[in-house]
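# Descriptive analysis of the structure
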Amino acid sequence: TAEIPVAHMHADFTEIANGIYATLGYDIDKYDTDSGARYICGNSILEIAADGTSTEIWNTFQSFQPDLNETYSTGDCAENVMAEDWTHSNSISYDASDDAYYITIRYLNKACKIDRASKTLLWCVGGEDSEFASIGETQILDNPHSVLPFDGGVYVFENNDELLGGCAAGTKISLDFKAWTAQETWTYGTGVCIDNPLFGNFDPLSNGNLLLALGAA
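Everything numeric here is computed off the predicted structure, so don't read it as measured data.

### Quick look at the nonpolar core
I45, W58, Y101 and I103 are the most contacted members of the largest nonpolar core, which has 21 residues in total. Those residues in contact with I103, other than ones at most four positions away along the chain, are L24, I45, W58, S89, S91, I92, K110, A111, C112, I114 and V147. Residues Y102, F132, V156 and A182 belong to the second largest nonpolar core, which totals 13 residues.

See below:
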C-alpha cells in the first residue's frame, strides 16, 4: 500500500488500470475585469500514475465559460479562499467499454461524457445548451452529485429532483441518441422528502438492484 499526495483533488476517484487512477481536480483561471481581478474555479479530470505523476485529461474551461455577470460563492476551492466556485464537480466514473469518463457538474446542472483518448467533451445532459432536449421536465437535472452510465442512459443522484418537489432522489435518465432527447424514466425517493444538499450516490449492484445512499458522510 502506498500513499500518493494529490494536490487539488476533490471528492471522488476511480480506478482505470495498471495502477492508474482518475480523480477530479480544481482548476483556477484569472479574469481581469473593470472591477479588478476575479479568480474563477472550475474542475479538471486528472489521471494519477503509481509514481505520483498526474496528467490532465480535460477541464471545464475547455468547453464552458463562466458568466462574468454572475457572482459565484467563495471558500470552497482548494487553498484559494477567494476563488469563486463556478462548477463544483463531485463525481467521476470510468467506462472501459468505450474508454470514457462520466462526471457531474453540480452548479451547471449537467452530467457529461468525456472521451479519454482524445481528451474532448462528447456530450452533456442537463443545464443550459444541453445536447439533449428534455422530455417531461423543464430541468432534467437539479444539483446532480453522482453519475454512472448504463446502456441507453445514465443513473444520477440528484440532491434536488424537480419531479419530487426538490427532494433528494436517485434517477434513471434515458437518452435517445437519434432524437437527442432525455427523459427521466424512473425515480426513487424515500417516500419522505429528504433535504440532502451534500453528497449522495446512486449505484447499480451486481444483482440488478440499485443502491441509493443518502446523507452527508
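### Some thoughts on the sheet that holds strand β9 (residues 120-125)
Taken in spatial order, the four strands of this open sheet run β6-β7-β8-β9, and their pairing is antiparallel. The open sheet is flanked by β6 (92-95) and β9, the only strands paired with a single partner. Averaged over all neighbouring strand pairs, the angle between strand axes comes to 25°, with direction disregarded. Relative to β9, strand β8 (residues 110-115) is paired through five bridges, and the arrangement is antiparallel. Counted as the bridge partner of I114 is L121 from β9.

### Here we look at the environment of I48
Within the fold, I48 resides in strand β3 (residues 36-48). When the C-alpha atoms of I48 and A22 are compared, they prove to be 6.0 Å apart, with 26 residues separating the residues in sequence.

### What to know about the packing of aromatic side chains
Taken as a whole, this structure holds 10 aromatic pairs when the rule is applied. A centroid spacing of 5.4 Å and a plane angle of 50° characterise the contact between Y94 and Y101, whose relative ring orientation is tilted. For the pair formed by Y94 and Y101, the shared burial category is buried. For the pair W123 and F132, a centre-to-centre distance of 5.4 Å together with 85° between the ring planes defines the contact as edge-to-face. With respect to burial, W123 and F132 carry one shared label: buried. Here K172 stacks its cationic end above the ring of F150, 5.1 Å away from the centre of that ring.

### Brief notes about the side chain of S44
Along the chain, S44 falls in strand β3. Given a relative accessible area of 3%, S44 falls into the buried group. Apart from the residues lying within four places of it in its own chain, the contact partners of S44 are T23, L24, G25, Y26, D27, E56, W58 and N59.

### Observations concerning the pairing of β8
The buried count for β8 comes to six of six residues, which makes it a mostly enclosed element. Neither face of β8 is left uncovered, since the one carrying K110, C112 and I114 and the one carrying A111, K113 and D115 both have all their residues buried. Across six bridges, strand β7 (residues 100-105) lies against β8 in antiparallel orientation. Within β8, the position partnered with I105 by the bridge is K110. Taken together, β7 and the strand that follows it, β8, pair antiparallel across an intervening segment of four residues, in which N109 is found at a positive phi of about 55°.

The rules behind the values
- Residues numbered from 1 in each chain as written.
- Predicted model: local features only at pLDDT ≥ 70, side-chain atom pairs only at ≥ 80, totals over all residues.
- Heavy atoms only, no water.
- Core = buried A, V, L, I, M, F, W, Y, C linked by side-chain atoms within 4.5 Å.
- Buried < 20%, exposed > 50% of the residue type's maximum accessible area, 1.4 Å probe, protein only.
- Contact = heavy atoms within 4.5 Å.
- Pairing = 2+ DSSP bridges.
- Helix = DSSP H or I, 4+ residues; strand = E, 2+ residues; numbered from the N terminus.
- Axes fitted to C-alpha atoms, helices over the stretch in contact; angles between N-to-C directions.
- Phe/Tyr/Trp six-rings, centres within 6.5 Å; stacked < 30°, edge-to-face > 60°.
- Lys NZ or Arg CZ within 6 Å of the ring centre and 35° of its normal.

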